[in-house]
Amino acid sequence: MDVNGTVAEGFEPVREAFVRNFETLGERGASVAVYREGQQVVDLWAGTKDIDGTTPWEHGTAQVVRSATKGTAAAVLLLLHQRGQLDLDAPVGHYWPEFKARGKERVLVRHVLNHRAGLPVLDHPLTPEQALDPLRGPAAVAAQAPVWEPGTDHGYHALTYGWMLDELVRRVTGQGAGEWLAAQITGPLGLDLWLGLPESEAHRVGRAGRVEGPEATGGLRARPKRSVTEAYEDPASLTRRAFAAITPFPEQNDPAYRAAALPATNAIATADGLARFYATLIGDTAGASRLFTPETVELARAEESAGPDRVLVVGTRFGLGYMLHGSASPFLTPGSFGHPGRGGALGFADPESGIAFGYVTNGFRKTVTADPRAQGLVRAVRQALGL
């Protein structure tokens with residue numbers, strides 16, 4: 001396997017795991033980056049740019065990262081809170097009066113981030129065209145009644161998370177989350193990470209698609225247990241309805257989809273952009289000071305929701321906007337926080353070790369939260385650190 005890039009001394013196990021992904025796990029094209037204490041220690045890429053092509057993956061090739069988007073978008077709300085512009089314990093309706101309809105007066109801003117808002121579904125799903133309109137998604141959520149008493153339980157808000165977050169940012173700042181992210185974080189830092197892909201960068205993005213491979217060994221697996229399978233197959237289940245809030249789901253290679261800003265699901269990034277984003281959340285990097293104060297890091301990773309997830313039908317753990325280390329989504333250590341993307345992508349930070357990790361791929365698998373390719377790379381980082 002022709003692997004490009006570099007690894008620092010001691011991080012050779014990551015390169016070995018990356019090669020194994022291509023040799024045994026069906027990888028077509030991917031990249032992985034790791035930072036330690038703000039310094040890049042892994043930068044690898046291999047395979048083809050497009051899932052169905054022959055053009056080589058290059059340094060700077062980017063891919064849609066699906067729900068790994070949620071971790072980048074969460075930083076917008078947490079930074080607005082850090083700057084005193086947003087109260088996490090205020091009702092959403094304080095900023096967005098129309099949201100209070102149909103019994104949502106008690107939904108707090110923190111409930112949007114910790115998946116306790118009770119709004120994972122839409123009774124009237126949006127079409128792909130409607131979903132790309134930045135006004136239609138928030139309006140649909142504002143008109144939706146909760147399916148459980150807000151704040152009393154948790155369940156993954158697969159798509160509605162993004163519309164609630166986006167409208168909160170717009171009501172507070174006058175900009176959508178993607179615009180704010182570009183103006184305040186990714187633009188100034190020079191990160192290859194976009195929520196709303198500029199036309200000038202479209203040539204860098206590879207074509208993604210489905211791949212098959214051996215079963216995963218944890219989390220929501222390629223061959224999940226019966227209860228999970230039944231939940232995804234039942235049209236009336238919260239699981240099926242949450243992921244069907246847009247029906248049918250947009251074609252993820254469509255330029256219009258990539259240019260839109262859906263803060264739950266369609267950020268586009270390089271592995272380095274994703275890893276350096278997390279590195280800068282927790283510490284200084286070359287030419288940039290840390291974004292999160294220590295207090296905000298603790299907000300991100302303090303457990304807000306844990307146990308059986310009413311949507312994913314497994315035990316999950318969430319802080320504010322971030323998944324936390326656990327059996328459904330293993331990260332580096334119990335103190336890590338980040339977010340996987342359905343089918344492969346993963347980004348996270350581990351403040352104690354100073355590690356920030358990013359992995360992107362053009363091959364989407366059936367896995368939801370613990371893709372075996374990403375997990376093999378995480379285990380290799382753990383091995384390199386002697387953890």
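Structure: above.
Keep in mind that this is a model prediction, so the values were computed, not measured.

**Observations concerning the overall build of the protein**
Part 1 of the reasoning: The number of helices and strands found in the protein is 14 helices and 14 strands.
Part 2 of the reasoning: Taking 21 Å as the expected radius of gyration for a compact globule of 387 residues, we find that the protein reaches 19 Å, a close match to that expectation.
Part 3 of the reasoning: Classification of the 387 residues of the protein by burial places 59% in the buried group.
Part 4 of the reasoning: In the protein, of all internal contacts separated by at least 6 residues, the share reaching a separation of at least 24 is 68%.

**Focus on the nonpolar core**
Part 1 of the reasoning: In terms of nonpolar packing, the biggest core is built from 118 residues, with Trp163, Leu281, Tyr322, Phe337 and Phe357 touching the most fellow members.
Part 2 of the reasoning: Those residues within four positions of Phe357 in sequence are excluded, and the remaining contacts are Val32, Ala33, Val34, Ala275, Tyr278, Leu346, Gly347, Phe348, Ala374, Leu377, Val378 and Val381.
Part 3 of the reasoning: By size, the runner-up hydrophobic cluster in this structure holds eight residues, among which are Ala62, Val64, Leu197 and Ile268.

**What about helix H7 (residues 160-173)?**
Part 1 of the reasoning: Its 14 residues place the ends of H7 20 Å apart at the C-alpha level, agreeing with the 20 Å of an ideal helix rising 1.5 Å per residue.
Part 2 of the reasoning: Burial of H7 is extensive: 10 of the 14 residues sit out of reach of the surface.
Part 3 of the reasoning: When H7 is considered as a whole, its buried residues turn out to be Thr160, Tyr161, Gly162, Trp163, Met164, Leu165, Asp166, Glu167, Leu168 and Val169.
Part 4 of the reasoning: On its buried face, H7 sits against helix H2 (69-82), helix H3 (92-95), helix H4 (109-113), helix H5 (128-131), helix H6 (136-142) and helix H8 (177-189).
Part 5 of the reasoning: In the segment just after H7, Gly174 is the residue with positive phi, at about 85 degrees.

Quick notes on the rules
- Residue numbers run consecutively from 1 along every chain, following the written order of its sequence.
- In view of the model being predicted, local features appear only for residues whose pLDDT reaches at least 70, and side-chain atom pairs are presented and counted only at 80 or more, with totals across whole chains, interfaces and linings using the full set of residues.
- For side-chain calculations, the full set of non-hydrogen atoms in the structure is used, while hydrogens and water are omitted.
- Secondary structure elements follow DSSP: runs of H or I of four or more residues count as helices, runs of E of two or more count as strands, with numbering from the N terminus.
- For a compact globule the rule gives 2.2 Å times the number of residues to the power 0.38, and the radius of gyration it is set against comes from C-alpha atoms.
- Relative accessibility under 20% of the residue-type maximum defines a buried residue, over 50% an exposed one, and the middle range a partly exposed one, all with a 1.4 Å probe and only protein chains included.
- Any pair of residues with heavy atoms lying within 4.5 Å of one another is described as a contacting pair.
- Put simply, a nonpolar core is a bunch of buried Ala, Val, Leu, Ile, Met, Phe, Trp, Tyr and Cys residues held in one set by side-chain atoms that sit within 4.5 Å of each other.
- Here, expected helix span is obtained from the residue count minus one, scaled by 1.5 Å.

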